[in-house]
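Observations on the three-dimensional arrangement
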Amino acid sequence: MVGFSLCPVARDTLIITNDRGGCIASTVTEKPGPDPTADRKSILEAIVLAHSPVLGTSDIAERTGVSRQAVDQRLRRMEEDGLVDTRKIGRARVWWITNKGRVYLDPEEDSGIQ
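Before going into details, it helps to say that this report is about the structure given with it.

Parameters and conventions
- Residues numbered from 1 in each chain as written.
- Predicted model: local features only at pLDDT ≥ 70, side-chain atom pairs only at ≥ 80, totals over all residues.
- Heavy atoms only, no water.
- Core = buried A, V, L, I, M, F, W, Y, C linked by side-chain atoms within 4.5 Å.
- Buried < 20%, exposed > 50% of the residue type's maximum accessible area, 1.4 Å probe, protein only.
- Helix = DSSP H or I, 4+ residues; strand = E, 2+ residues; numbered from the N terminus.
- Contact = heavy atoms within 4.5 Å.
- Polar contact = N/O pair within 3.5 Å; in protein donor to acceptor, adjacent residues only side chain to side chain.
- Axes fitted to C-alpha atoms, helices over the stretch in contact; angles between N-to-C directions.
- Parallel < 35°, antiparallel > 145°, perpendicular 65-115°, else oblique.
- Left-handed = near helix turned anticlockwise from the far one by under 90°.
- Pairing = 2+ DSSP bridges.

Ile43, Ile47, Ile60, Val71, Leu75 and Val84 are the most contacted members of the largest nonpolar core, which has 17 residues in total. Elements with a contribution of two residues or more to this core: α1 (40–49), α2 (57–64), α3 (68–80) and β6 (92–97). By residue number, the principal contributor to this core is α3, which donates four residues. Discounting residues that sit within four places of it in the chain, isoleucine 47 has contacts with Ser52, Leu55, Ile60, Leu75, Val84, Trp95, Trp96 and Ile97.

Here it is as structure tokens:
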């Protein structure tokens, strides 16, 4: 049976060695999460500044420069919070900003709509 040792060499790198002299360097990454650059404000601004009243997830990702997956995750949370609304049309999903989302972008625009 071969024994292994883990030797941290840097904050994000481990060297794995065995008793036969073999070694492997491995990079340790944190659990992936939503792209921090996919913030609510940039996504809402992309929707508002579009010429179309609705945008697809890929369109929003392209306008914000963030991956489609990260934008999709953020949009789904924003929908739960009432900032955007969505509908599936065929195989595509489109998004639009709600009144609550407009107030989020510009609190002075609040006209008492909840």
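Moving on: the environment of threonine 64. Checked against the element boundaries, threonine 64 lands in helix α2. Residue class for threonine 64 comes out partly exposed when judged on its relative accessible area of 21%. Residues threonine 64 and isoleucine 43, spaced 21 residues apart in sequence, show a C-alpha to C-alpha distance of 6.7 Å. The residues touching threonine 64, leaving out its near neighbours within four places in the chain, are Ser42, Ile43, Ala46 and Val71. Only 2.9 Å separates the side chain of threonine 64 from the backbone oxygen of isoleucine 60, close enough to count as a polar contact. A polar contact of 3.3 Å, which involves the side chain of threonine 64, links it to the backbone oxygen of alanine 61.

This part is about the packing of α1 against α2. For the pair α1 and α2, interaxial distance at closest approach is 9 Å and the crossing angle is 110°. In terms of axis orientation, α1 runs roughly perpendicular to α2. Crossing handedness for the pair α1 and α2: right-handed. Contacts from Ser42, Ile43, Ala46 and Ile47 in α1 reach Ile60, Arg63 and Thr64 in α2.

Along the polypeptide, threonine 98 turns up in the loop between β6 and α4 (99–105). A relative accessible area of 17% places threonine 98 in the buried class.

Another aspect to go through is the sheet that holds strand β5 (residues 84–89). The antiparallel open sheet is built from three strands, whose spatial order is β4-β6-β5. Single-partner strands in this sheet number two, and they are β4 (55–56) and β5. As judged from the six bridges shared by β5 and β6, these two strands associate in the antiparallel manner. In the strand pairing of β6, arginine 87 is matched with valine 94. Packing of α1 onto the sheet brings it into contact with β4, β5 and β6, and relative to β6 it is tilted by some 95°.

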